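Residue strings, one per chain:
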There are 2 protein chains.
Amino acid sequence: MATEHDKYIKPSVAVDIVVFTIMENELKVLLIKRGQQPFAGMWSLPGGFIHIDESPEDAALRELEEETGVKDVYLEQLYTFGRPNRDPRGRVISIAYYALVDSSKIKPHVTGAEKIENVQWVDVSDLPKLAFDHEDIVGYALKRLRYKMEYTAVGLELLPDLFTLTDLQRVYEIILSEKLDKRNFRKKVLSMGVVEPAKIYKKGPHRPAMLYRFKKSKPASTFKRIKFEG
Amino acid sequence: MATEHDKYIKPSVAVDIVVFTIMENELKVLLIKRGQQPFAGMWSLPGGFIHIDESPEDAALRELEEETGVKDVYLEQLYTFGRPNRDPRGRVISIAYYALVDSSKIKPHVTGAEKIENVQWVDVSDLPKLAFDHEDIVGYALKRLRYKMEYTAVGLELLPDLFTLTDLQRVYEIILSEKLDKRNFRKKVLSMGVVEPAKIYKKGPHRPAMLYRFKKSKPASTFKRIKFEG
DNA sequence: ACAAAAGTGTTCCTAATACACCCATGA
DNA sequence: TCATGGGTGTATTAGGAACACTTTTGT
């Protein structure tokens, strides 16, 4: 039951987003160097407070667009972190999300007031110490991403509209950190029915590869593009 | 970015808990009849606002003990619901949990000011209309519970310390709404290594059944493979 | 002796894995 | 013609699913 007391001392509510992308054959996370106290000068996850008239998802998408310039993103709620002393300034509850973005869609210049030096894509296997409990959040996101990769085709969200099966396999190998068998991988992906061949081939120095695209017609049960709660 | 504005108009943060138990061979959810507006007289999930010095988990456990008298509960965070107009009184963000309790541990009398008439265990297949977006929350909890039952032994949390394998099978059958094969079920459960036989037998009108207990040494998280298909 | 629940093995089938060679192209 | 990545099929194995009878007890 709510008491009058509760109504006066309210926590702040923020969103934090673990943004994954694949660049240079590595899984990267977007980090922001903090300008103010607390943890000034330390790296942290992008995020911010929820506006009073927007849903947490919208807040996450807004922050994401501000930092990466990308609008069409796979976004999934991760977990809500609310330990009383996780933020030294006071009570802040953070709804954490993770996002998957195609690196080719990222705009090189960020739109906000941030300097480029303060916004970096960092290799997940080479993370610095992070502000607040953001290391826990990244760890949780990684666990969830890897888990989800085992039984869905989320990996598609990290690729451009047209991609080869080898591209997709590379995404899985990078994230799961293990080599996969080419024939078995293709069998599995094709049997899921989540991709369809474009009739275009990718030209290159060697044999042209068939380009595929994400098949939108598939029911959401097999491949979730939208998260729960409309 | 947070503006000063945000810092003044903060949302309230609540927890709502979907408490499952098995009674009378049915899966039940704990509901509370609301005494005040909004939705006065309607059924709703137990829950309440987070105190300023407690974690969301602690808030959920506190509410849970108030309503059921049970302390030792399986509790898992579900999802955070934060649509701007989900509560007509104003901005309320709710961190939803689900809990599994052994019905034999529930104290018949609730400790709060609630009348017993206003606190009921209701069959999940026979839910009334619920206040707020609580029907969505229950739906989500059910989905998650069923999903988790497929590959873990969470069902154990609904049973007393000692139980027969038939008891456990009944739990799974009730929640998944399907009949399971006795031999396959036992093979699976025993191969997981999550239970161990007590050396006691349950006496009854027929052949005595071996009683089992939950084996604490084994992490319940690791035991089956997930199917590729979602 | 019988009613009622406890307990137990084997066969079948599907799905995952392991594994190696030919193909098409640009240089 | 060769270097490079693209593309394909089969045999084996492991795990899930289907399936029926004997055992033990209380009445």
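Refer to the structure above for everything that follows.
Along each chain, residues carry numbers from 1 onward, in the same order as the chain's sequence is written. As a convention, the first chain written is A and the first ligand written is 1, with the rest following in written order. Where totals are concerned, whole chains, interfaces and linings use all residues; where local detail is concerned, this predicted model gives features only for residues with pLDDT of at least 70, and gives and counts side-chain atom pairs only at 80 or more. Water and hydrogen atoms play no part in the side-chain values, which are based on all heavy atoms of the structure.

## Here we look at the protein's contact with DNA strand D
Around DNA strand D there are 21 residues in total, and Lys 182, Arg 186 and Met 210 of chain A together with Pro 205 and Arg 207 of chain B lie nearest to it. When at least one non-hydrogen atom of a residue lies within 4 Å of a molecule or strand, that residue is treated as near it. Of all DNA strand D atoms lying within 4 Å of any protein atom, the proportion belonging to sugar or phosphate reaches 41%. By the criterion applied in these results, polar contacts are pairs of N or O atoms within 3.5 Å in which, for protein atoms, one can donate a hydrogen and the other can accept it, and in which residues neighboring in sequence qualify only through two side-chain atoms. Thr 166 of chain A has a polar side-chain atom sitting 3.1 Å from a phosphate oxygen of DNA strand D. The contact in question runs from a base oxygen of DNA strand D to an N or O atom on the side chain of Lys 187 of chain A, over 2.8 Å. Numbered from the N terminus, helices here are DSSP runs of H or I no shorter than four residues, and strands are runs of E no shorter than two. Counting residues per element, the ones that place at least two in the surface near DNA strand D are helix 5 (182-192) and strand 9 (209-214) of chain A together with helix 5 (182-192) of chain B. Of the residues that constitute the surface near DNA strand D, the class distribution is five nonpolar, five polar and 11 charged. Think of it as three bins: nonpolar holds Ala, Val, Leu, Ile, Met, Phe, Trp, Tyr, Cys and Pro, charged holds Asp, Glu, Lys and Arg, and polar takes everything else, Gly as well.

## Things to note about a positive patch on the surface
All names here are of chain A. Nonpolar side chains (Val, Leu, Ile, Met, Phe, Trp, Tyr) within 5 Å and like charges within 9 Å form the patches, drawn only from residues with over 30% relative accessible area and no salt bridge. Surface accessibility in these figures is a Shrake-Rupley result with a 1.4 Å probe; residues are shielded only by whichever protein chains are displayed. Salt bridges are identified by distance alone: a Lys or Arg side-chain nitrogen within 4 Å of an Asp or Glu carboxyl oxygen. The charge count treats Lys and Arg as positive and Asp and Glu as negative. His and the chain ends do not count. Think of each charge as sitting on NZ of Lys, CZ of Arg, CG of Asp or CD of Glu. A cluster of like positive charges, contributed by Lys 179, Lys 182, Arg 183, Arg 186 and Lys 187, occupies part of the molecular surface. The residue Arg 186 is located in helix 5 in this model. Judged by its relative accessible area of 31%, Arg 186 is partly exposed. A 1.4 Å probe rolled over the protein chains alone gives each residue an accessible area, and that area as a share of the maximum for its type sets the label: buried under 20%, exposed over 50%, partly exposed in between.

## Considerations on the pattern of salt bridges
Between side chains of opposite charge, a pair can form when the charged atoms approach closely. Counting across every chain of the model gives 26 salt bridges over all chains. Its salt-bridge partner being Asp 102 of chain B, residue Lys 105 of chain B comes within 3.5 Å of it at the nearest N-O pair. Overall, the relative accessible area of 37% leaves Lys 105 of chain B in the partly exposed class. With relative accessibility at 6%, the residue Asp 102 of chain B sits in the buried group. A network of salt bridges, in which partner residues are shared, links Glu 54, Arg 62, Glu 63 and Glu 66 of chain A.

## Topic: the protein's contact with DNA strand C
For DNA strand C, the set of nearby residues contains 20 residues, the closest of which are Pro 205 of chain A together with Lys 182, Arg 186, His 206 and Met 210 of chain B. Among the atoms of DNA strand C lying within 4 Å of the protein, the sugar-phosphate backbone contributes 44%. Contact distances for DNA strand C include 3.2 Å between a base nitrogen and a side-chain N or O atom of Asp 181 of chain A. Within the contact set of DNA strand C, a phosphate oxygen lies 3.1 Å away from a side-chain nitrogen or oxygen of Thr 166 of chain B. For the surface near DNA strand C, the secondary structure elements donating two or more residues are helix 5 of chain A together with helix 5 and strand 9 (209-214) of chain B. It is helix 5 of chain B that provides the largest number of residues to the surface near DNA strand C, a total of four residues. Among the residues forming the surface near DNA strand C, the class breakdown is five nonpolar, five polar and 10 charged.

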